[in-house]
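Each chain, letter by letter, is given below.
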Amino acid sequence: MVVDDHPMWRDGVARDLAAAGYDVVATTGEGHQAVRIAGAARPDVVVLDLQLPDISGVEVINGLLAAVPGVRVLMLSASGEQQSVLDAVKAGASGYLLKSAAQADFLDAVGRTAAGDTVFTPGLAGLVLGEFRRLAVEPAGEDQLAPKLTERETEVLRLVAKGLSYRQIAERLVLSHRTVQNHVQNTLGKLQLHNRVELTRYAIEKGLD
């Protein structure tokens, strides 16, 4: 599903997705309508513009997640402001991509979002992590969850938070793809989380980088 208030941009994104083999179930330019349509269309991924004429992108994210539990929201915005990215991630967005991204990078981001990855335009993940560290009010010593993780699990968690895929993490740490998957599953179990999006949000909130 594509949500953007600029008709030419919205139609272009929808055409690119359709040409790449994706089933575009709906398009709209208004936030309230997006939430209503999503409940019926049941999209797996919503490509969402941050600035809409009626309600904010953050309000749309909240509405989408309530209407379609488990839906993955990929922000596609012209704004790379830290606060915009931060607000979107806190609201539950799975990723944040700038509209200046190349078509191939956008299509790759949609595929990764659909697969459960978190995706950021290069550089934005670091900005978000840094901002969460600055805003953190809970001293690290009071965190009762992080000590349960092994050094390797923490290392994998940091890379997940940066938006790296399992394959990229495996290459970075010289591990097998399955070993990385096992570390992620163990970490999810220890932290009582359910998926990579929740895991990324946890890592960001704890200021892990």
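Fair warning: this is a prediction, and the values are worked out from it, not measured in the lab.

## Notes on the packing of helix α7 (residues 151-161) against helix α8 (residues 166-173)
Next up, step 1: Look at α7 against α8: their axes get within 10 Å of each other, and the N-to-C directions meet at 130°. On the basis of their axis angle, the class for α7 and α8 is oblique. Between α7 and α8 lies a crossing of right-handed hand. For the pair α7 and α8, contact is made by Arg 152, Glu 155, Val 156, Leu 159 and Val 160 and by Ile 169, Arg 172 and Leu 173, respectively.
Next up, step 2: The class makeup of the residues in the contact of α7 with α8 is five nonpolar, no polar and three charged.

## Things to note about the pattern of salt bridges
Next up, step 1: Across all of its chains, the model carries five salt bridges by this definition.
Next up, step 2: The closest approach of N and O atoms between Lys 99 and Asp 4, which form a salt bridge, is 2.8 Å. Residue Lys 99 is located in the loop between β5 (95-98) and α5 (103-114), and its partner Asp 4 is located in the loop between β1 (2-3) and α1 (7-19); the two are separated by 95 residues in the primary sequence.
Next up, step 3: Given the relative accessible area of 3%, Asp 4 is considered buried.
Next up, step 4: The salt bridge involving Arg 112 is made with Asp 117; its shortest N-O contact spans 3.3 Å.
Next up, step 5: Each of the salt bridges in this network shares a partner with another, and the network as a whole consists of Asp 4, Asp 49 and Lys 99.

## Regarding α5
Next up, step 1: Given a rise of 1.5 Å per residue, 12 residues ought to cover 16 Å, and the 17 Å separating the end C-alpha atoms of α5 matches this to within 8%.
Next up, step 2: Those residues of α5 that sit buried are Phe 106, Leu 107, Ala 109, Val 110, Arg 112 and Thr 113.
Next up, step 3: Of the surrounding secondary structure, the elements contacted by the buried residues of α5 are α1, β3 (45-48), β4 (72-77), β5, β6 (119-120) and α8.
Next up, step 4: Positive phi appears at Gly 116, one or two residues downstream of α5, with a value of about 100°.

## Structural notes on unusual backbone geometry
Next up, step 1: Of note in the backbone geometry, Arg 42 takes a positive phi value of approximately 50° without being a glycine.
Next up, step 2: By secondary structure assignment, the location of Arg 42 is in the loop between α2 (31-41) and β3.
Next up, step 3: Even without being a glycine, Val 174 presents a positive backbone phi close to 55°.
Next up, step 4: Relative to the assigned elements, Val 174 resides in the loop between α8 and α9 (177-191).
Next up, step 5: You can call Val 174 exposed: its relative accessible area is 71%.

## Observations regarding the nonpolar core
Next up, step 1: Ranked by size, the top nonpolar core spans 26 residues in total, and within it Leu 48, Ile 61, Leu 64, Met 75 and Tyr 96 carry the most contacts.
Next up, step 2: Listing elements by their share of this core, those giving two or more residues are α2, β3, α3 (57-67), β4, α4 (82-91) and β5.
Next up, step 3: In terms of residue count, the dominant contributor to this core is α4 (four residues).
Next up, step 4: Contacts of Leu 48, omitting those with residues within four sequence positions, involve Val 3, Gly 57, Val 60, Ile 61, Leu 64, Val 73, Leu 74, Met 75 and Leu 76.
Next up, step 5: The next biggest cluster of nonpolar side chains, apart from the first, holds 18 residues, and it includes Val 160, Ala 170, Val 180 and Leu 188.

## Some thoughts on the packing of α2 against α3
Next up, step 1: Relative to each other, α2 and α3 sit at 15°, their axes nearing to 9 Å. Between α2 and α3, the angle is such that the two are roughly parallel. In this structure, α2 meets α3 at a crossing whose hand is right-handed. Seen from α2, the contacting residues are Gly 31, Ala 34, Val 35, Ala 38 and Gly 39; seen from α3, they are Val 60, Gly 63, Leu 64 and Ala 67.
Next up, step 2: The residue inventory of the contact of α2 with α3, partitioned by class, reads six nonpolar, three polar and no charged.

Rules behind the numbers
Residues numbered from 1 in each chain as written. Predicted model: local features only at pLDDT ≥ 70, side-chain atom pairs only at ≥ 80, totals over all residues. Heavy atoms only, no water. Axes fitted to C-alpha atoms, helices over the stretch in contact; angles between N-to-C directions. Helix = DSSP H or I, 4+ residues; strand = E, 2+ residues; numbered from the N terminus. Parallel < 35°, antiparallel > 145°, perpendicular 65-115°, else oblique. Left-handed = near helix turned anticlockwise from the far one by under 90°. Contact = heavy atoms within 4.5 Å. Nonpolar A, V, L, I, M, F, W, Y, C, P; charged D, E, K, R; others polar. Salt bridge = Lys/Arg side-chain N within 4 Å of Asp/Glu carboxyl O. Buried < 20%, exposed > 50% of the residue type's maximum accessible area, 1.4 Å probe, protein only. Expected span 1.5 Å × (residues − 1). Core = buried A, V, L, I, M, F, W, Y, C linked by side-chain atoms within 4.5 Å.

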